[in-house]
Amino acid sequence: MINSEGGTMKIRDVFEQLNTRLLWRLAEENAWPFTFGEAEAPLDEIAAYIKDARTIEKTWQVLSREEKEVWLHFLFRVGEDIVTYRQMEEYAKAVSPIVAYAGLTGLRRRGLIYTLRRLWGEVVYLAPYDVQRAWRAWLLPRVLSETQAISVDAEFQSVTPLVHVLFRLLQTHRHKPIALTKKKTMTMKMRRVWQAVIPYAEEWFAPLYPEACGDGAARERFFLELLAEMDLLRERESETGLEYIVHETAAARLFHGAEADVQRRVYQQVKEKLGRLGPCNPVILDWMEAKGVNTFSLNELQAAENRLLREKSQVNQSKHWQVFAENICPLLTAFGFISRTGEGMDASMRWNMNLTANEENAVANYGIGYVQPTFEVLLLPHASYEVRWRLGRYAELVEQQEVWVFRLTRQSVRAVKGEEENEALIRLLEQIQLEVPDNVRVQLEQWMRSEPSVMLEQVVLVRCPDAETAQQLAALPEFAPYWRARIGEKDFIVDASQEAALREAFTLREININQKSTAKEPSEAGRFPSHASHSIGLAENGYKIESVFPAFEDVLPELKDVPTIWYKNFQRYHHSTLRTLLMTARSLGIRLKLEINNRPIENARVLDIRTEGGAYRLTLDAEGRMENINMENVGRIKLELPALWNED
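Quantities reported herein were computed from a predicted structural model and do not represent experimental measurements. (Residues numbered from 1 in each chain as written. Predicted model: local features only at pLDDT ≥ 70, side-chain atom pairs only at ≥ 80, totals over all residues. Heavy atoms only, no water.)

### Points about the pattern of salt bridges
In plain terms, the rule: In what follows, salt bridge is the name for a side-chain nitrogen of Lys or Arg lying within 4 Å of a carboxyl oxygen of Asp or Glu. What counts as a helix is a DSSP run of H or I of at least four residues, what counts as a strand is a run of E of at least two, and both are numbered from the N terminus. Residue exposure (1.4 Å probe, protein chains only): buried if accessible area is under 20% of the type maximum, exposed if over 50%, otherwise partly exposed.
A complete count under the given rule lists 40 salt bridges for this structure. For Glu 29, the salt bridge is made with Arg 25, and the minimal N-O distance between the two is 3.2 Å. On the criterion of helical spacing, the pair formed by Glu 29 and Arg 25 is a turn pair, its members being four residues apart in helix H2 (residues 20-30). A relative accessible area of 32% means that Arg 25 is categorised as partly exposed. Where Glu 272 meets Arg 133, a salt bridge forms, and the shortest distance between an N and an O atom there is 2.7 Å. A residue pair is termed long-range when its members are at least 10 positions apart, and Glu 272 in helix H13 (residues 259-277) and Arg 133 in helix H8 (residues 129-144) qualify at 139 residues. What makes Glu 272 buried here is its relative accessible area of 18%. Arg 133 gets classed as buried once you look at its relative accessible area, which sits at 13%. Several salt bridges share partner residues, and in doing so they unite Glu 80, Arg 133, Arg 136, Lys 271, Glu 272, Asp 286 and Glu 289 into one network.

Pasting the structure below:
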């Protein structure tokens, strides 16, 4: 998930970069129920196993203290971002080098954190974002079960749901593409159209894009990026220049089922986008989701997080909770995802949707509205969004209140005229209201069949080298939305407007079927790879997954100079040796087992060594209890290195 480089990474993307030898070693060390022989490793099954709640619970129980501390830091302080080597050094200095690097090494061996290395040696660490979310989804309900729900009787303000706005924007541009400038920004004409459609205030979006120049620029940029990231818009070249067209197939997938289902899908996409605008935003959203139907405040959630981390990971802690309250909560409220009373961290909030609802809920598909003799179609609230989107192909959207109003006009119907389209529209109207007025039936047929003409369309011919390759291509689900017809056994017809999108989805190679291949390797002709690694361009960023099983001394080489006797034996040392041992323990953050005037102390850390009156004085932290002692009073002593080091 290299947010700072633009993009995110899932565990499946990591596995694709690992060599089989390291993957086999990880599976062996962690008892993953998979074996690797000559067949390819079942990457999807391994990824699902790692994110399974039962696996997470079992792993949490066996994590060492160091591993838990570092893992909680990644989950709640780093968020969905990378950690550079320098940042890891700063964290290690603040908490303890031995704790930080022992935890990091252990988590790498457990397949939770991975190392990326640039060609010139720069190292970053990452935890795949889907693994993080699976862990937070398991961990947070257990933490929040100790808190009480807030009781609020205040009235919550009604808003325009985001799904309504997206529907109107896409409906507006179904037959009128979005014209773009050479810089791929919207033209002034298009901006005026959007300003009339989007009801949200510009100031809510300005903090997300500080470089935007006002007058709705930040708001329009947010929506344009969101629609493009959801694959609802496709770029194409036209006679007037670049433009965006609506991707009908993707929109149909989005607008499927009831409004609650669509709003939930839109929320997940917004969550992905907010993660790129701030790596800890998804962390806070995970806290909020864990509250479920209960009312909560951000102060309550932050207090729970601090209890979970035991205030040990305050180093490098930013004000991301306050920033979230100021910049993100107003957006979530405006979009209809949450309701809120009050301001800032103390505001009381609740979700407006059930985030765990089953999307397979039955939706009424008949008797869901009225077809008026005036050519207006009224859809009732329980009408599915699939019906609304299909109706929008033939009608103009007039109003989006509790009852949605569409209007059938000569212009809207003629845009898709034809006998088959007429029959499809009549069937759709009968689904909305069984008895369609006769005048509507007659008029629609006249509009659809008027002015018959032969249409000339620009198409692209996709030519395959042989029938077998063509058959494989036709079977690919990624190719299905693009081709309109098949000519013979080897060729396909694709709309010219879809060419750019098709090239983006597939790496098509020009093949001269009359030219014989002289290469010794098998020909690449006819291979159409899909969007592998679409979430991150590793090659472009210069990062490669490090396929080396981590050794503890590699990340903390100072341990190689620590005498074995210091952590093997519990004994007394000469004054000079004892001082060197204690200074090493302080610099590396190693815990001690020692005796002070024959009194045993466990898990002590050296916080300070100083001279007072010609004698050395120590400040120790023994499980939160501070002690100031003379070094001369130290008896037997031993370094308590993590079990990870003893295994090596």
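After that view of the structure, there is still more to cover.
### A closer look at the pairing of strand E11 (residues 396-400)
Rules: The rule for pairing is simple: two strands pair if DSSP sees at least two bridges between them.
In the sheet, E11 pairs with strand E12 (residues 404-407) via four bridges, with the strands oriented antiparallel. Each bridged residue has a counterpart across the sheet, and for Gln 400 the counterpart in E12 is Trp 404. In this structure, the hairpin formed by E11 and E12 is closed by a connection of three residues.

### A look at the environment of Phe 479
Within the secondary structure, Phe 479 sits in the loop between helix H21 (467-475) and strand E14 (483-487). A sequence separation of 23 residues divides Phe 479 from Leu 502, and the C-alpha atoms of the two residues are 7.9 Å apart.

### Describing the side chain of Thr 333
We apply this condition: Pairs of N or O atoms within 3.5 Å make up the polar contacts considered here, provided that, within protein, one atom can donate a hydrogen while the other can accept it, and that residues adjacent in sequence are counted only when both atoms are side-chain atoms. Note on contacts: a residue pair is in contact if any heavy atoms of the two residues lie within 4.5 Å.
In this structure, Thr 333 sits in helix H16 (residues 320-334). When its relative accessible area of 14% is taken as the criterion, Thr 333 is described as buried. Here Arg 340 takes part through its side chain, which lies 3.1 Å from a polar atom of the side chain of Thr 333. For Thr 333, the contacting residues outside a window of four places in its chain are Val 159, Ile 338 and Arg 340.

### Things to note about the environment of Arg 109
Relative to the elements of secondary structure, Arg 109 occurs in helix H7 (residues 97-109). Among the residues examined, Arg 109 registers a relative accessible area of 12% and is labelled buried. Distance from Arg 109 to Ala 551, taken between C-alpha atoms, is 9.0 Å for residues 442 residues apart in sequence. Side-chain polar atoms of Arg 109 contact the backbone oxygen of Pro 550, separated by 3.0 Å.

### Some thoughts on unusual backbone geometry
Both trends apply: most residues other than glycine have a negative phi, and most peptide bonds are in trans. The phi torsion at Lys 184 lies on the positive side, around 65 degrees, for a residue other than glycine. Relative to the assigned elements, Lys 184 resides in the loop between strand E4 (178-179) and helix H10 (188-197). The partly exposed category is assigned to Lys 184, whose relative accessible area is 43%. Even without being a glycine, Phe 375 presents a positive backbone phi close to 75 degrees. When you line up the elements, Phe 375 lands in the loop between strand E9 (369-371) and strand E10 (376-379).

### Examining the sheet that holds E14
In plain terms, the rule: To obtain each axis, a line is fitted to C-alpha atoms, and for helices this fit is confined to the stretch in contact; angles are then taken between N-to-C directions over 0 to 180 degrees.
Strand order in the open sheet formed by three strands is E13-E15-E14, with antiparallel pairing between adjacent strands. Both outer strands of the open sheet, strand E13 (459-463) and E14, are each paired with one neighbouring strand and no more. When the angles between neighbouring strand axes are averaged without regard to direction, this sheet yields 25 degrees. Bridge count between E14 and strand E15 (residues 491-495): four bridges; the pairing is antiparallel. Note that in E15 the partner of Ile 487 across the bridge is Asp 491. Sitting on the sheet, H21 is in contact with E13, E14 and E15, with an inclination near 155 degrees to E14.

### Comments concerning H16
We apply this condition: Given a helix with a known number of residues, its expected span is that number minus one, times 1.5 Å. The bend at a residue is defined as the angle formed between two axes, one fitted to the seven residues ending at that residue and one fitted to the seven starting there.
Helix length check: H16 (15 residues) gives 20 Å between terminal C-alpha atoms against 21 Å at 1.5 Å per residue, within 8%. The largest bend in H16 is about 40 degrees, located at Ile 328, with the proline Pro 330 one to four residues further on. By the criterion of burial, H16 is predominantly enclosed, with twelve of the 15 residues buried. For H16, the set of buried residues is His 320, Trp 321, Phe 324, Ala 325, Asn 327, Ile 328, Cys 329, Pro 330, Leu 331, Leu 332, Thr 333 and Ala 334.

### What to know about empty space enclosed by the protein
Filter applied, for reference: Only protein atoms enter the 1 Å grid, on which a cavity is a set of points fitting a 1.4 Å probe that cannot get out and a pocket is an open set with protein on both sides within 12 Å along at least 5 of 7 lines, lining residues being those with an atom within 4 Å of a point. Grid points are joined across faces, edges and corners, and a volume is the space filled by probe spheres set on the points. Three categories are distinguished: nonpolar for Ala, Val, Leu, Ile, Met, Phe, Trp, Tyr, Cys and Pro, charged for Asp, Glu, Lys and Arg, and polar for the others, with Gly belonging to the last.
The final tally for this structure, using the stated rule, is two cavities of 30 Å³ or more. Put simply, the parts of the chain that give the lining of the largest cavity at least two residues each are H2 and strand E2 (114-118). When its residues are assigned to classes, the lining of the largest cavity shows seven nonpolar, one polar and two charged.

### Concerning the confidence of the model for the chain
To keep it simple, the criterion reads: On a scale of 0 to 100, pLDDT captures the predictor's confidence in every residue.
Of all residues in the chain, 84% have pLDDT values of 70 or greater, and the mean over the chain is 81. Here helix H23 (residues 538-541) stands out as the element of the chain with the lowest mean pLDDT, 45, in contrast to E12, whose mean of 95 is the highest. Considering only residues more than four positions removed or in separate chains, one finds that residues 1-7, a stretch of pLDDT under 50, has 29 contacts. In the predicted structure, residues 312-316 sits below a pLDDT of 50 and forms 16 contacts with residues beyond four places in sequence or in another chain.

### Observations regarding the packing of aromatic side chains
Put simply, the test is: Side-chain rings of Phe, Tyr and Trp, where Trp is taken by its six-membered ring, are said to pair if the distance between their centres is within 6.5 Å; with planes under 30 degrees apart they count as stacked, over 60 as edge-to-face, and otherwise as tilted. Lysine NZ or arginine CZ positioned within 6 Å of the ring centre and within 35 degrees of the ring normal marks a charge as sitting over the ring.
This structure, assessed with the given rule, holds 27 aromatic pairs. Summarising the aromatic geometry, the rings of Phe 167 and Trp 389 are spaced 5.6 Å apart at their centres and angled 85 degrees between planes, so their arrangement reads as edge-to-face. Here Phe 167 is found in helix H9 (residues 162-172), whereas its partner Trp 389 is found in helix H17 (residues 385-392), with 222 residues between them in sequence. Its relative accessible area of 0% is what places Phe 167 among the buried residues. One Lys or Arg, Lys 273, reaches over the ring of Phe 222 and ends 5.6 Å from the middle of that ring. It is Arg 388 that lies over the ring of Trp 404; its NZ or CZ is 4.5 Å from the centre.

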